[in-house]
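# Analysis of the macromolecular model
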Amino acid sequence: MSNETINIEGATCAPSLPHGDQIVMGHGAGGRMSHQLIQKAFLPAFKNPALEAGDDAAILRPGPCLQLSISTDSHVVSPLFFPGGDIGRLAVCGTVNDVAMLGAKPLYLTAGFILEEGLAMQTLERVIASMKIAAEEAGVQIVAGDTKVVQKGKADGLYITTAGVGVVQAGININGAQARPGDVVILSGPIGDHGIAVLGARGELGFQSSIQSDVAPLNHLIEAMINASDNVHVLRDPTRGGLATTLNEIASQSDLGIVLYEQSIPVHPEVNAACEMLGFDPLYIANEGKLVAMVAREDAEAVLTTMRQTRYGEGAVIIGEVTAEPRGRVLMKTAIGSQRVVDMLAGEMLPRIC
Amino acid sequence: MKYVSEYRDAELVRGVIDEIRRTVTHPWTLMEICGGQTHAIVRHGLDQLLPPEIELVHGPGCPVCVTPLELIDKALVIASRPDVIFCSYGDMLRVPGSGRDLFSVKAQGGDVRVVYSPLDAVKIAQENPDKQVVFFAIGFETTAPPNVMSVLQAQRLGLKNYSILVSHVRVPPAINAILSSPSNRVQGFLLAGHVCAVMGYHEYPPLAETFNVPMVVTGFEPFDIVQGILQTVQLLEANKIEVGNAYSRAVTFEGNQAAQKTIQQVFMECDRKWRGIGTIPMSGWCLRPEFEAFNAEKRFDVDAITADESPLCIAGEILQGLKKPHQCPAFGTACAPEHPLGATMVSSEGACAAYYKYGRVLTTEHTEITKI
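Residues numbered from 1 in each chain as written. Chains lettered and ligands numbered in written order. Predicted model: local features only at pLDDT ≥ 70, side-chain atom pairs only at ≥ 80, totals over all residues. Heavy atoms only, no water.

Bringing the overall build of chain B into the picture now. Along the backbone of chain B there are 17 helices and 11 strands. Scored against the burial criterion, the 372 residues of chain B give a buried share of 64%. For chain B, contacts bridging at least 24 residues in sequence account for 77% of all contacts bridging at least 6. Carbon and sulfur atoms make up 51% of the accessible area of chain B, which amounts to about 13200 Å² in all. (Helix = DSSP H or I, 4+ residues; strand = E, 2+ residues; numbered from the N terminus. Buried < 20%, exposed > 50% of the residue type's maximum accessible area, 1.4 Å probe, protein only. Contact = heavy atoms within 4.5 Å. Areas by Shrake-Rupley, 256 points an atom, 1.4 Å probe, with all protein chains shown as cover.)

All names here are of chain B. Axis separation between helix α9 (residues 171-180) and helix α11 (residues 204-211) bottoms out at 11 Å; the angle between their running directions is 5 degrees. Judged on the interaxial angle alone, α11 and α9 are roughly parallel. Residue-level inspection shows V171, P172, I175, N176, L179 and S180 of α9 in contact with α11, the latter providing Y204, L207 and F211. Of the residues contributing to the contact of α9 with α11, the split by class is 7 nonpolar, 2 polar and no charged. (Axes fitted to C-alpha atoms, helices over the stretch in contact; angles between N-to-C directions. Parallel < 35°, antiparallel > 145°, perpendicular 65-115°, else oblique. Nonpolar A, V, L, I, M, F, W, Y, C, P; charged D, E, K, R; others polar.)

Turning to the state of the cysteines, a few remarks are in order. Throughout the structure, instances matching the rule amount to 0 disulfides over all chains. As a non-bridged cysteine, C286 of chain B has C270 of chain B as the owner of its nearest cysteine sulfur, 3.1 Å distant. (Disulfide = S-S within 2.5 Å.)

Let us now look at the pattern of salt bridges. Residues and elements named next belong to chain A. Going through the model one piece at a time under the given rule, you end up with 27 salt bridges over all chains. Note that R89 is salt-bridged to E137, the shortest N-O span being 3.3 Å. You can see R89 sitting in helix α3 (residues 87-100) and its partner E137 sitting in helix α4 (residues 121-138), a full 48 residues away along the chain. The class of R89 is buried, set by a relative accessible area of 13%. A salt bridge links D214 to K290, with the shortest nitrogen-to-oxygen separation between them at 3.0 Å. Linking D214 in the loop between α5 (193-201) and α6 (219-228) with K290 in the loop between α8 (269-278) and β11 (292-295), this pair joins segments that are 76 residues apart in sequence. Since its relative accessible area comes to 10%, D214 is described here as buried. Overall, the relative accessible area of 8% leaves K290 in the buried class. The structure contains a network of salt bridges with shared partners spanning D55, R236 and E249. (Salt bridge = Lys/Arg side-chain N within 4 Å of Asp/Glu carboxyl O.)

On to the domain arrangement of chain A, then. Residues and elements named next belong to chain A. Segmentation of chain A into domains returns domain 1 (55-168) and domain 2 (184-341). Taking only C-alpha atoms, the centre of domain 1 and the centre of domain 2 are 23 Å apart. Every contact between the two is made by 23 residues of domain 1 and, on the other side, 24 residues of domain 2. Buried area between domain 1 and domain 2, both sides added, is near 2000 Å², and the carbon and sulfur share of it is 55%. When the buried area of domain 1 at its contact with domain 2 is split by residue, P83, M101 and E137 rank highest and sum to 29% of it. On the surface where domain 1 and domain 2 come into contact, there are 2 salt bridges. R236 serves as the salt-bridge partner of D55, at 2.6 Å between the closest nitrogen and oxygen. Elements that contribute at least two residues to the side of domain 1 that touches domain 2 include exactly β3 (81-82), α3 and α4. When residues in the side of domain 1 that touches domain 2 are grouped by element, the largest group, 7 residues, is from α3. (Domains from an automatic or database assignment. Buried area = accessible area lost by both parts, 1.4 Å probe.)

Right under this line is the structure:
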């Protein structure tokens, strides 16, 4: 073969595709594309300090002695029912958790339903029953709602949007900007269960799995943690985009570094196996019943002990620490002793070819 | 996890790295041919642990990265048709064609579906007799068996609505091309374990002898990779030109002969354009004339589409191991995973994506741990 056939100069790439002209699925994946959408489309229009804080809920101070945490979340999961949960439980827990992550006690939810023409009444009733159970477990009331019906084919069965409000006790200041160098990073249990359970329910794993979604209300766990320590600085639930994306958000909000210890991050063997086969990384898989916390080192043991006594915190472990450098970045000390960067999820998570 | 955790054992890996350190006396440049290996090397930070004498350069073994632009343009045209369900491996969706990608086609109403296996696409064809189902059959030797099986399965089922858009490439002609290049600096190869699991490694001794370059079949876990590096370094230090096998739990000299036979039944060798490299003679596979009915290029009359690439990206030099991703002026700025300039940034196996994801931000005070 002759050398002339090889283009040594390379120079062979297509122009960039920022997807600025239309919405693609990656805009909803919870990673960098979602952040860019918020930065470019929503923030400039709605600009205010509560929104700009960049947490999953907003803190409002409508009166001199009153602090409220408020959040909203839309739920579009397919299928509607999956091992360990369903869209109803998800819709209650997702908003309860977002409200509670700022140290609030969630009290009230609203629920908006978009129903597709032809949806079985029995399906709706099952979802409502599940919401009732989840709301009772969380100790919140669903106090207002709305229902719209769209034509067959215009929605995937049923979408639910919930909003929630909770009260933050005076003196509590927990949010993504409060991490401090020296804090330990605590994770409440194994990651990746929800995302893999939903993939399995869609029949996309290509094999049977016993993985259950972890969807759960975490407000009682959070209450216990706050009672155990005055030095819980950050709380966040690593939902879409996974643990890696959540930690990048916190590193960026706090303008500090986060160092993780690869070996200490718990992942169920089934989740790991599914990820290995499909070419996913558990660090980017969604969770719906886990939280990460940044806690002062001197209180870490007390907080861990308290967490492990609760239903949704029994697998709590320290997975890393907050450092002064590199600012806004997450690093991982690998099991074999090297170190790498852990980036945010870019767009949509895609399975690998081989 | 069984069969994985054993090969990620930190002490075992460090033991092999110590052995590499004891063995090496000269600087050596090795190329890992496979993108999966590039990804594992950067993910586990293996390059940080190697002695400074060993430089790893990243080869063209990412099937998504090397799929030529005009073939992606053909895919975009076919996928945009209202009568088509276009099925693809997941990471092809983000690869830019001329101004669009499959995500854009999907957003504009094209029926683009991610499948894990081409046999799933055959199933979709069975379930949708009024639609044309097209599978984007890309890849190296590794994905050839399932891709040809899908054609045979469709033939067996008498499906008239299934076809494949073929962009298959083969490793040995790529190695030949790299070693023939006057600017080549690769002195030893880590061969792609999964490719060799299918093909064996009987094709490589003639290449090793012609170019005086030792090669070692290498797996994908940290232990496999450092073991492959150790064996290659041992051969180089002893001035031995051989093809070794450091992945014997999966690879034999002959390979999977049933799979090879099936590939030969459906595919024949042909010239193939590689994105970033150019045309390499007889480096691809295409459908044999008797399977022409399953050729999507013919069925949808997209044969005539040609395309030129942007001059900004240096993916070509990266795929040939001439440059590292961070040496590209666009790396991490104009080019990032969410808006890739080149395919090496697109696929999770692409060298640029691996660098971006695992190493891009470390500044000078951290260079020791990243070497980028």
